[in-house]
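As a plain string of letters, each chain reads:
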Amino acid sequence: VQLLAGMWESRRGNTFGAVTFGSIGAFWLSYWLLQQFFVGSIPAGEVNSATALFYISWAILTALLWVASTRTTAVVSVMLALLTVTLVLVGIGDAGSHTEIVKIGGWFGLATSVVGLYAAFASVVNGTLERTVMPLIPLRRAHS
């Protein structure tokens, strides 16, 4: 669904939304491919290192998206910051087989989900009611 949302955002001319939704959709598709088809061919002792590299690679892209998000809304920016931290922590945890760090990353993932759900719900409510009921807090500076 996120990949589809990226295509719809592209059609609307929203480059940031297209890249963000498209990238997160690609993350989930590539994660599925990794788990379904490729993990089995990775030597057992290297699986954690491989998944750590996967998470850290996506964390780098997410960090770049976070930088771009600082011109959108506070809610979107917080969500991408939390997602970056999530991916870094899970990657570090997997790299060293540190289950506690992976668990902390999971808690950041839950926080990311809560902020993402708020962002989605606020966008729908505000758009439907044609006024701000749930603030997203725009970060763009007004041009003078």
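Residues numbered from 1 in each chain as written. Predicted model: local features only at pLDDT ≥ 70, side-chain atom pairs only at ≥ 80, totals over all residues. Heavy atoms only, no water.

Asks: Just checking my understanding: could you explain the overall build of the protein for this structure?
Replies: Summing up its helical and strand segments, the protein has five helices and zero strands in all. Considering the protein as a whole, with its 144 residues, one finds that 35% of them fall into the buried category. Across the protein, the mean location of the 7 positive side-chain charges is 18 Å away from that of the 5 negative side-chain charges. (Helix = DSSP H or I, 4+ residues; strand = E, 2+ residues; numbered from the N terminus. Buried < 20%, exposed > 50% of the residue type's maximum accessible area, 1.4 Å probe, protein only. Lys, Arg positive; Asp, Glu negative; His and termini not counted. Charge placed at Lys NZ, Arg CZ, Asp CG, Glu CD.)

Asks: Whenever I open this one, the side chain of Ser69 confuses me. Can you help?
Replies: Structurally, the position occupied by Ser69 is in helix α3 (residues 47-69). With a relative accessible area of 0%, Ser69 lands in the buried category. Apart from residues no more than four positions distant in its own chain, Ser69 is found in contact with Phe16, Val76, Ser77, Leu80 and Leu139. (Contact = heavy atoms within 4.5 Å.)

Asks: Sorry if this is basic, but what is going on with the nonpolar core here?
Replies: Considering soluble globular proteins, one finds that nonpolar side chains tend to be buried as a cluster. Counting residues in hydrophobic clusters, the biggest one holds twelve residues: Ile24, Phe27, Leu34, Val39, Val47, Phe54, Tyr55, Trp58, Ala59, Leu83, Leu87 and Val90. At the level of elements, α2 (15-38), α3 and α4 (74-95) are the ones that each hand at least two residues to this core. It is α3 that provides the largest number of residues to this core, a total of five residues. Ignoring sequence-local partners within four residues, the contact set of Leu87 consists of Phe27, Tyr55, Ile56, Trp58, Ala59 and Thr62. Formed by nine residues, the second largest nonpolar core is a distinct cluster that contains Val75, Val115, Ala119 and Met134. (Core = buried A, V, L, I, M, F, W, Y, C linked by side-chain atoms within 4.5 Å.)

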